[in-house]
Amino acid sequence: MSQKFIPLSVPNLKGRELEYVTHAVETEWVSTGGAYVDEFEKKTAKYVKAKGAVSCQNGTAGLHIALQVCKITKENEVIVPTLTFIAAVNPVKYIGAEPIFMDCDDSLTMDVDKLLEFCETECSFMEGKLINKRTNKHIKAVLVVHVFGNMANMEKIMDIAEKFNLKVIEDATEAIGTYYLKGKYKGKYAGVIGDVGVYSFNGNKIITTGGGGMIVSNNEEILKRAKHLTTQAKSDELYYIHDEIGYNYRMTNLQAALGLAQLEQLDTFINVKKENYDLYKEAIKEIKGLTILTFKDNIRPNYWFYALYCDEKYPLNRDEIIQYLLSKKIQSRPIWGLINDQRPYLSSQTYKIEKAKTYLKHVINIPCSSNLKKEDVLYVIECLKHPEKV
Ligand SMILES: *Cc1c(COP(=O)(O)O)cnc(C)c1O
């Protein structure tokens with residue numbers, strides 16, 4: 001039998017998706033209003049223990065709104081990570097603000113020591129505002145990404161934010177379901193610790209609506225504004241009165257029907273991902289030159305993406321591994337190119353980017369779908385045990 005292709009991360013729609021979507025179609029509620037939208041918002045908020053949730057078209061749109069509800073304007077700067085997906089940072093530019101790129105630590109999330117050092121040495125704190133000495137601009141927020149379902153160091157980030165009066169925006173697009181097991185934020189979910197958080201339901205994420213996103217917060221004011229801005233900023237339903245420039249960022253009832261069915265399976269998906277992760281980790285430990293990066297031990301991650309670290313002791317380098325796996329019908333890919341190296345950001349300010357460069361050279365994501373079978377994982381491991389140049 002010929003080997004089937006093993007994709008990196010694909011949807012898993014074996015729950016009540018078809019039933020709910022069929023119901024939406026049968027009742028002809030397929031557009032931006034409908035009971036599934038409300039229910040999906042309520043159930044997501046409940047799941048992550050947030051005061052409320054506002055659905056939107058995708059994670060990128062959610063982040064665009066998140067910046068606006070934090071009152072970031074074109075006069076401001078926002079501290080962002082460089083080792084992440086570019087959609088985390090582009091919304092900063094959509095509103096005309098400027099990003100300042102920060103390094104990662106060994107968890108691949110923002111290096112909080114460098115963050116603090118940057119605020120203390122490269123900025124001055126005057127009249128409640130953090131001012132960038134280089135540009136004289138007001139740095140108003142820090143945007144953190146919970147990379148691959150790991151948790152950024154929210155304890156330190158919240159302390160730094162409080163000290164320098166920064167808003168905290170959590171790009172939790174990859175981390176729905178991740179929460180603290182201990183410490184100050186025990187029981188708190190990624191996305192619901194800072195001022196505002198955003199999830200993504202893109203097709204490669206742990207749960208999907210095809211395309212979709214959700215803004216969460218514990219702040220009523222922020223939730224109200226997020227709803228307002230995502231729904232054309234309509235202040236009167238009947239007479240079409242609009243008090244500012246809004247967006248049509250609403251999720252459709254069809255997407256929400258999918259989302260609701262997916263949310264019902266989130267815990268199951270996390271369990272499967274954990275099992276496969278453990279299987280990979282134990283076996284790969286025995287292969288010279290390869291390791292699976294771990295998640296922090298004070299959290300329960302959602303195990304979204306697995307990061308394989310390859311060092312010089314392995315006979316193949318990053319690109320050779322990717323080619324080799326592909327020849328074995330296994331999809332993998334390098335971690336994202338650094339954002340400060342991308343053309344639109346070449347002139348942006350950076351601060352001591354070091355570790356991100358190393359991880360870029362050594363990290364590969366390997367198949368992690370929630371419908372990945374044990375035998376698939378064993379096959380990937382077997383291939384990694386017997387590397388060949390292709
Ligand atoms: C997926 C993702 C986004 C964007 O989400 P979309 O729903 O695809 O727009 C933003 N940031 C990060 C880190 C992501 O992984």
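Residues numbered from 1 in each chain as written. Predicted model: local features only at pLDDT ≥ 70, side-chain atom pairs only at ≥ 80, totals over all residues. Heavy atoms only, no water.

Note on placement: M251 falls in the loop between β12 (241-242) and α8 (253-263). By relative accessible area, which is 1% here, M251 ends up buried. Residues M251 and G213, 38 residues apart in the sequence, show an inter-C-alpha distance of 7.8 Å. Filtering out sequence-adjacent residues up to four positions away, M251 remains in contact with S31, T32, V37, F40, S55, C56, Q57, F201, T209, G212, G213 and A256. (Helix = DSSP H or I, 4+ residues; strand = E, 2+ residues; numbered from the N terminus. Buried < 20%, exposed > 50% of the residue type's maximum accessible area, 1.4 Å probe, protein only. Contact = heavy atoms within 4.5 Å.)

As a further point, take the nonpolar core. Judged by nonpolar contacts, the single largest core of 140 residues is most densely connected at I79, M154, Y280 and L384. Of the residues forming this core, the biggest block, seven residues, is contributed by helix α9 (residues 266-284). Formed jointly, this core draws a minimum of three residues from each of two domains, domain 1 (17-263) and domain 2 (266-385). If near-sequence neighbours (up to four positions away) are discounted, I79 is found in contact with I100, M102, M110, L115, F118, C119, I139, A141, V142 and L143. (Core = buried A, V, L, I, M, F, W, Y, C linked by side-chain atoms within 4.5 Å. Domains from an automatic or database assignment.)

This part is about the site of the ligand. Around the ligand, the structure places 16 residues, and the nearest of them are G59, T60, E174, S200 and K205. G59 is positioned with one of its backbone polar atoms (N or O) 2.7 Å from an oxygen atom of the ligand. T60 has a polar side-chain atom sitting 2.5 Å from an oxygen atom of the ligand. Expressed as a share of its isolated accessible area of 380 Å², the protein-covered part of the ligand is 93%. In terms of residues, the shell around the ligand owes the most to one element, helix α3 (residues 59-69), which gives three residues. Tallied by class, the residues present in the shell around the ligand amount to five nonpolar, eight polar and three charged. (Near = heavy atom within 4 Å. Polar contact = N/O pair within 3.5 Å; in protein donor to acceptor, adjacent residues only side chain to side chain. Areas by Shrake-Rupley, 256 points an atom, 1.4 Å probe, with all protein chains shown as cover. Nonpolar A, V, L, I, M, F, W, Y, C, P; charged D, E, K, R; others polar.)

Here we come to the pattern of salt bridges. Applying the stated rule across the entire model yields 20 salt bridges. Measuring nitrogen to oxygen at the nearest pair gives 3.1 Å for the salt bridge that ties K227 to E41. Taken as a pair, K227 in helix α7 (residues 220-230) and E41 in helix α2 (residues 35-47) lie far apart in primary sequence, 186 residues in all. The exposure class assigned to K227 is partly exposed, which follows from its relative accessible area of 33%. With its nearest N and O atoms 3.1 Å apart, the salt bridge here joins K355 to D106. Taken as a pair, K355 in helix α11 (residues 355-362) and D106 in the loop between β3 (98-102) and α5 (112-121) lie far apart in primary sequence, 249 residues in all. On the basis of relative accessible area, K355 is assigned to the partly exposed category, the value being 34%. Since its relative accessible area comes to 46%, D106 is described here as partly exposed. The network of salt bridges with shared partners includes D103, K114 and E354. (Salt bridge = Lys/Arg side-chain N within 4 Å of Asp/Glu carboxyl O.)

Time to look at the domain arrangement of the chain. When the domains of the chain are assigned, the result is domain 1 (17-263) and domain 2 (266-385). Averaged C-alpha coordinates put domain 1 and domain 2 at centres separated by 25 Å. Tallying the contact residues gives 53 residues for domain 1 and 39 residues for domain 2. Between domain 1 and domain 2 lies a buried interface of about 4,100 Å² when both sides are counted; carbon and sulfur atoms form 59% of it. Together, F101, F148 and I206 form the three largest contributors to the area buried by domain 1 at its contact with domain 2, with a combined 20%. Taken together, domain 1 and domain 2 are joined by three salt bridges. (Buried area = accessible area lost by both parts, 1.4 Å probe.)

Attention now goes to unusual backbone geometry. Even without being glycine, K49 reaches a positive phi, approximately 55 degrees. Assignment of secondary structure puts K49 in the loop between α2 and β1 (52-56). Even without a glycine there, the phi angle at F148 is positive, about 60 degrees. Structurally, F148 is set in the loop between β6 (138-145) and α6 (154-163).

Where α9 contacts helix α12 (residues 374-385), the axes come no closer than 10 Å and their chain directions differ by 25 degrees. Here α9 lies roughly parallel to α12, going by the angle between them. The way α9 lies across α12 gives a crossing that is right-handed. Of the residues in α12, those in contact with N276, L279, Y280, A283 and I284 of α9 are K374, V377, L378, V380, I381 and L384. Taken together, the residues of the contact of α9 with α12 sort by class into nine nonpolar, one polar and one charged. (Axes fitted to C-alpha atoms, helices over the stretch in contact; angles between N-to-C directions. Parallel < 35°, antiparallel > 145°, perpendicular 65-115°, else oblique. Left-handed = near helix turned anticlockwise from the far one by under 90°.)

Applying the stated rule across the entire model yields 19 aromatic pairs. Each ring, one from F125 and one from F164, has its centre 5.6 Å from the other, and the planes form 90 degrees; the classification is edge-to-face. Of the two residues, F125 is situated in strand β4 (residues 123-126) and F164 in the loop between α6 and β7 (167-171); the sequence distance between them amounts to 39 residues. Overall, F164 belongs to the buried group, its relative accessible area being 6%. Here the aromatic rings of F148 and W304 are separated by 6.5 Å at their centres, their planes lie at 50 degrees, and the arrangement is tilted. Note that F148 is positioned in the loop between β6 and α6 and W304 in the loop between β14 (299-300) and β15 (306-310), a separation of 156 residues in sequence. Comparing F148 with W304, the two get one shared label, buried. Put simply, the rings of Y277, Y280, F295, Y303 and Y306 pair up and form one aromatic cluster. (Phe/Tyr/Trp six-rings, centres within 6.5 Å; stacked < 30°, edge-to-face > 60°.)

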